[in-house]
Amino acid sequence: AHFLEHMLFLGTEKYPEESNFDQFCAAGGGYSNAWTSLDHTMYHFIVSEPKLHDALDRFASFFSCPLFSESGTDREIKAVDSENNKNLQDDDRREYQLLRSTCEQDHPMARFGTGNEETLRHPAGGKIDVRAELLKLHKGVYSANLMTLAVIGN
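Residues numbered from 1 in each chain as written. Predicted model: local features only at pLDDT ≥ 70, side-chain atom pairs only at ≥ 80, totals over all residues. Heavy atoms only, no water.

Student: Break down the overall build of the chain for me, citing the residues and quoting the values.
Tutor: Helix and strand content of the chain: seven helices and two strands. Secondary structure elements in the chain, listed N-terminal to C-terminal, are α-α-β-β-α-α-α-α-α. Relative to the 2.2 N^0.38 estimate, which gives 15 Å for 154 residues, the radius of gyration of the chain is 17 Å and therefore close to what a compact globule would have. With the principal axes as the frame, the chain shows a C-alpha extent of 50 × 30 × 30 Å. When each of the 154 residues of the chain is scored for burial, the buried share is 34%. Restricting to contacts in the chain with at least 6 residues of sequence separation, those with at least 24 account for 66%. In the form shown here, the chain has an accessible surface area of approximately 10100 Å², with 53% of it arising from carbon and sulfur atoms. A gap of 3 Å separates the mean positions of the 15 positive and 24 negative side-chain charges of the chain. (Helix = DSSP H or I, 4+ residues; strand = E, 2+ residues; numbered from the N terminus. Rg over C-alpha atoms; globule rule 2.2 N^0.38 Å. Buried < 20%, exposed > 50% of the residue type's maximum accessible area, 1.4 Å probe, protein only. Contact = heavy atoms within 4.5 Å. Areas by Shrake-Rupley, 256 points an atom, 1.4 Å probe, with all protein chains shown as cover. Lys, Arg positive; Asp, Glu negative; His and termini not counted. Charge placed at Lys NZ, Arg CZ, Asp CG, Glu CD.)

As structure tokens, then:
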């Protein structure tokens with residue numbers, strides 16, 4: 001799910017340029033970001049009011065027509081791995097990992113959730129097609145009946 005979050009920012013059929021959404025938000029003095037927890041992913045962005053309609057169109061395309069380009073996959077695997085390595089030194093994350101290590105092994109909380117180069121390049125010893133699983137996860141969880149959108153503004 002965390003890797004999927006990263007991949008959604010890498011272009012869509014309608015807006016194929018990588019980081020198009022980030023650049024669009026930043027051009028108007030705003031920003032975008034996301035984070036993934038155990039049971040959900042949160043995407044958020046700020047744009048000026050005149051850009052809201054276009055921002056929502058670009059944002060919606062994350063969920064309706066993402067590219068999941070193979071060219072961006074390698075870069076994002078490295079980005080997720082780098083994020084994981086950075087987090088290894090964070091005391092709050094270390095405490096959380098200690099808590100997770102006390103869970104029953106088959107409980108979802110016991111799973112490694114961030115991802116790293118090894119788990120994303122060679123899951124299950126290379127027996128899993130990462131891109132195919134990414135597409136399957138996207139199709140299974142990014143559905144309007146499972147999602148909530150909140151818009152705050154004038």
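Student: Talk me through unusual backbone geometry; I want residue IDs and the actual numbers.
Tutor: The general pattern is negative phi for most residues beyond glycine and trans for most peptide bonds. Phi at S19 takes a positive value of approximately 65 degrees, unusual for a residue other than glycine. By the secondary structure assignment, S19 is in the loop between α1 (2-8) and α2 (20-27). A positive phi angle, near 50 degrees, is found at F68, a position not held by glycine. Looking at where F68 falls in the secondary structure, it is placed in the loop between α3 (52-64) and α4 (70-87).

Student: So, the nonpolar core: which residues are in play, and what are the values?
Tutor: Ranked by size, the top nonpolar core spans 24 residues in total, and within it F3, L8, F21 and Y43 carry the most contacts. Elements represented by at least two residues in this core include exactly α1, α2, β2 (41-46), α3, α4 and α7 (130-141). F21 has contacts with F9, S32, F45, A55, R58, F59 and F62, leaving out every residue within four places of it along the chain. (Core = buried A, V, L, I, M, F, W, Y, C linked by side-chain atoms within 4.5 Å.)

Student: Go over the side chain of N20, please, and point to the residues and values.
Tutor: Structurally, the position occupied by N20 is in helix α2. Within the structure, N20 has its side chain in polar contact with the side chain of E17 (distance 2.9 Å). Within polar-contact distance, the side chain of N20 engages the side chain of R58 at 2.4 Å. Dropping the residues within four chain positions of it, N20 is found in contact with Y15 and R58. (Polar contact = N/O pair within 3.5 Å; in protein donor to acceptor, adjacent residues only side chain to side chain.)

Student: With reference to specific residues and values, describe the packing of α2 against α3.
Tutor: Packing of α2 against α3 leaves a shortest axis separation of 10 Å and a crossing angle of 160 degrees. One way to sum up the angle between α2 and α3 is to call them roughly antiparallel. By crossing handedness, the relation of α2 to α3 is classed as left-handed. Where α2 abuts α3, its residues N20, F21 and F24 lie against D54, A55, R58, F59 and F62. Here the residues of the contact of α2 with α3 sort into five nonpolar, one polar and two charged. (Axes fitted to C-alpha atoms, helices over the stretch in contact; angles between N-to-C directions. Parallel < 35°, antiparallel > 145°, perpendicular 65-115°, else oblique. Left-handed = near helix turned anticlockwise from the far one by under 90°. Nonpolar A, V, L, I, M, F, W, Y, C, P; charged D, E, K, R; others polar.)

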